[in-house]
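Letter by letter, the chains look like this.
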Amino acid sequence: MAHSHLTEPSKVLERQEKDLKAFDVHSAESVEEAPSQESEQVIRGAGDITNLIISDEDNPELPVLTFHFWVLGIGLATFGSVLSEIYFWKPQNAMVSALFQLIISYMLGNAMHYAMPSTGIWRRLNPGPFNIKEHTCITIMASTASVTANAIGIVATLDLFYGVTLSPEAAIFQTFASQLIGYGFAGLLRTLLVWPTYALFPNQLPSISLLQSMHFSGLLNRKKMKYFWFVFGAIFCWEIIPTWMFPLLTAFSVICLADNGRSPVIRNIFGAGASNEGLGLLSFAFDWTLITQAYPLYWPLQTQVSSWVGLAFGYILMGGCYYADVFQGYSRGLPFMSTALFTGNGSSYNQSAILGSNHQLDPEMYAEVGPPFMTTTYAMSLLLTYASMGAAFSHILLWHRTELWEAFKGFNFLNIHFRRMKVYKEVPQLWYGSLFIVSLGLAIGMAYVGMNTLPWWSVLLFTVIAFILAVILGFIYAVTGFQISTGGFVQVIAAYVHPQQPIQNMYAKLYGYNTGYQTFAMLSDLKLGQYAKVPPRATFVAQVSGTILGAIYRRRAQSRFDKLCAISSNI
């Protein structure tokens, strides 16, 4: 049998023993020569960040899967999954951030420790001060549960628009399958996207920095926490103003105020106060939620500069194409910005009117209603998304093919955090492989429960597509923190494979896009576990538990939401 490129973790570790011993000597010399913690250092790359900013301090004796973990993890996972599902159906989509869960779990964890007895039999439930490892596992479990599952959105769409009601069991197992396939991918890709130093995951830098400042001693950490609580309190008080008292401050445009709504061109280019109002050129945001959408706190400078160039190009392209009447958006009177579909005269497009009784496209009804039209800006954004996919593949194959090949062969991970994790038992590749196979089998089985959604071969096809996208785009995400949306790209492929079948298109997107999206989130959490020195098997438990709880409670929240919609429509 051919040797697998996805090398067993234990074999990788054995093969690297000599290299790591040599690294111990180099690490010791580096520590002796390192300046004090207060001195200034020039950070030039991922290696400097992992060695100089993220502490490698660890205590293998700290308990992890404690009573604190289970109580707070289940509680915050329930809260996050339900709230994210509620906001999934609102026009202003919001999510429960992992940073919020990290902060609230720190407060609750310390409160539990001080409130509970710690002697006698209580010692088992309260073994010691709230520590960084159980804190990290709580954050991972809660954030995993809070990630919105597209499978629940499909269940609701079938019920509300197609009159197809899946059983609760089928809906929950369908959600399990789509998410746990992504987790199987994450485990298989550890050698490429978790263990190496270049897999920095910049989005986790604020979390690990805050975790270590909260739990580690030292003058610098105390200064960090003092500054953090000051900024936290200031933002908490300030957000009351743009959120409730003075919403105009959310996006403030001096040019639009001076124009006073007289010119639609000014509104389209400079407006940003409302959803889809305009491009927001030269607008100022005084809402921290809006400011942080560009991730200025942790994106590498190169990523930020690239995004600024892309924004400038987007302003020119969107405005120019609209007023040049590309795709006939301007001449047909379509809105400047919208993701909806429209008829040729600019009215809303009735998608149900072109579907037959079998929920497939009816050519005669389609000919009667006419083709749908997209706004120029939405059509251009989709085209640019497709172009970004090609650019991503070209970039990786031209500039990073060596790292990909070395990682699949069994890369020598000579970084200090990987070395510290050697004291813990790694999760066997068999666990991830078994989880993937069971989840894939469950996905194929659920495709034939209630109604035939996808043929078995299509589930396999789009799972393979999701894996390929996860490798290429996951590399970009791990190195730069930038995510490329693949939803539209996968839907185009699905439309070609399953023409005139919208339900199958949705399910193809579920397994071709959502599984890859879950893979990114889970790889990121695995990296956070490495930074915090959480035993890999504890991270595995936290992620799987969060996935299961999230699927159950999101389904319950969606069911309640459907009932409310039915009641309101009857009223």
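Residues numbered from 1 in each chain as written. Predicted model: local features only at pLDDT ≥ 70, side-chain atom pairs only at ≥ 80, totals over all residues. Heavy atoms only, no water.

Novice: So what about the nonpolar core? Which residues, and what values?
Specialist: Grouped together as the largest cluster of nonpolar side chains are 68 residues, with contacts concentrated most on Leu158, Tyr183, Leu192, Leu473, Tyr507 and Tyr511. Residue contributions to this core peak at 13 residues, all from helix 22 (residues 456–480). (Core = buried A, V, L, I, M, F, W, Y, C linked by side-chain atoms within 4.5 Å. Buried < 20%, exposed > 50% of the residue type's maximum accessible area, 1.4 Å probe, protein only. Helix = DSSP H or I, 4+ residues; strand = E, 2+ residues; numbered from the N terminus.)

Novice: Explain a nonpolar patch on the surface to me, using residue names and the numbers behind them.
Specialist: A cluster of nonpolar side chains, namely Ile240, Trp244, Met245, Phe246, Leu248 and Leu257, defines an oily patch on the protein surface of about 670 Å² accessible area. The greatest single-element share of the nonpolar patch, amounting to three residues, is contributed by helix 12 (residues 240–245). With respect to the helices and strands, Ile240 occurs in helix 12. For Ile240, a relative accessible area of 34% puts it in the partly exposed group. (Patch = residues over 30% accessible without salt bridge, like charges linked within 9 Å, V, L, I, M, F, W, Y side chains within 5 Å. Areas by Shrake-Rupley, 256 points an atom, 1.4 Å probe, with all protein chains shown as cover. Salt bridge = Lys/Arg side-chain N within 4 Å of Asp/Glu carboxyl O.)

Novice: Help me get a handle on the confidence of the model for the chain, residues and values and all.
Specialist: With 86% of its residues at a pLDDT of 70 or more, the chain shows a mean pLDDT of 81. The secondary structure element of the chain with the lowest average pLDDT is helix 2 (residues 17–33), at 41, and the one with the highest is helix 6 (residues 132–146), at 92. Within the model, pLDDT remains below 50 along residues 1–38, and this stretch shows 49 contacts once partners closer than five positions in the same chain are excluded. (pLDDT = per-residue confidence, 0-100. Contact = heavy atoms within 4.5 Å.)

Novice: Give a description of the side chain of Thr376 that names residues and reports values.
Specialist: Summarising the element assignment, Thr376 is placed in helix 18 (residues 376–399). Of note is the side chain of Thr376, whose polar atom sits 2.8 Å from the backbone oxygen of Val326. Filtering out sequence-adjacent residues up to four positions away, Thr376 remains in contact with Cys321, Tyr322, Val326, Phe327, Gly329 and Tyr330. (Polar contact = N/O pair within 3.5 Å; in protein donor to acceptor, adjacent residues only side chain to side chain.)

Novice: Could you give me a rundown of the side chain of Gln530, with the residues and numbers involved?
Specialist: Structurally, Gln530 is set in helix 24 (residues 502–531). According to the relative accessible area criterion, Gln530 is buried, its value standing at 4%.

Novice: Can you explain the packing of helix 22 against helix 23 (residues 487–497)? Please cite residues and give values.
Specialist: Their axes nearest at 12 Å, the elements helix 22 and helix 23 cross at an angle of 155°. As far as their axial angle goes, helix 23 and helix 22 are roughly antiparallel. Considering the relative orientation of helix 22 and helix 23, their crossing is right-handed. Across the interface between the two elements, Trp457, Leu461, Phe462, Ile465 and Leu469 from helix 22 touch Phe489, Val490, Ile493, Ala494 and Val497 from helix 23. Its residues placed into classes, the contact of helix 22 with helix 23 shows ten nonpolar, no polar and no charged. (Axes fitted to C-alpha atoms, helices over the stretch in contact; angles between N-to-C directions. Parallel < 35°, antiparallel > 145°, perpendicular 65-115°, else oblique. Left-handed = near helix turned anticlockwise from the far one by under 90°. Nonpolar A, V, L, I, M, F, W, Y, C, P; charged D, E, K, R; others polar.)

Novice: Give me the packing of aromatic side chains: which residues, what numbers.
Specialist: If you walk through the whole model with that rule in mind, you get 22 aromatic pairs. Seen in terms of ring centroids, Phe185 and Phe436 are 5.5 Å apart; in terms of plane orientation they differ by 35°. Their pairing is tilted. Highlighted residues: Phe185 in helix 8 (residues 168–188) and Phe436 in helix 21 (residues 429–446), separated in sequence by 251 residues. In this pair, the class of Phe185 matches that of Phe436, namely buried. (Phe/Tyr/Trp six-rings, centres within 6.5 Å; stacked < 30°, edge-to-face > 60°.)

Novice: Report on the packing of helix 5 (residues 98–115) against helix 11 (residues 219–238), specifying residues and quantitative values.
Specialist: For any two helices packed against each other, the geometry comes down to the angle between their axes and how far apart the axes lie. Two numbers describe how helix 5 lies on helix 11: the axes approach to 14 Å, and their chain directions differ by 115°. Overall, the two elements helix 5 and helix 11 adopt an arrangement that is roughly perpendicular. In this structure, helix 5 meets helix 11 at a crossing whose hand is left-handed. Every residue of helix 11 that contacts helix 5 at Ile103, Tyr106 and Met107 is listed here: Phe228, Trp229 and Phe232. Taken together, the residues of the contact of helix 5 with helix 11 break down into six nonpolar, no polar and no charged.

Novice: Give me the lowdown on the environment of Glu57, citing residues and values where you can.
Specialist: Mapped onto the elements, Glu57 comes out in the loop between helix 3 (46–53) and helix 4 (67–88). Separated by 360 residues in sequence, Glu57 and His417 have C-alpha atoms that sit 9.2 Å apart. When residues no more than four places from it in sequence are discounted, the contact partners of Glu57 are Phe216 and Lys533.

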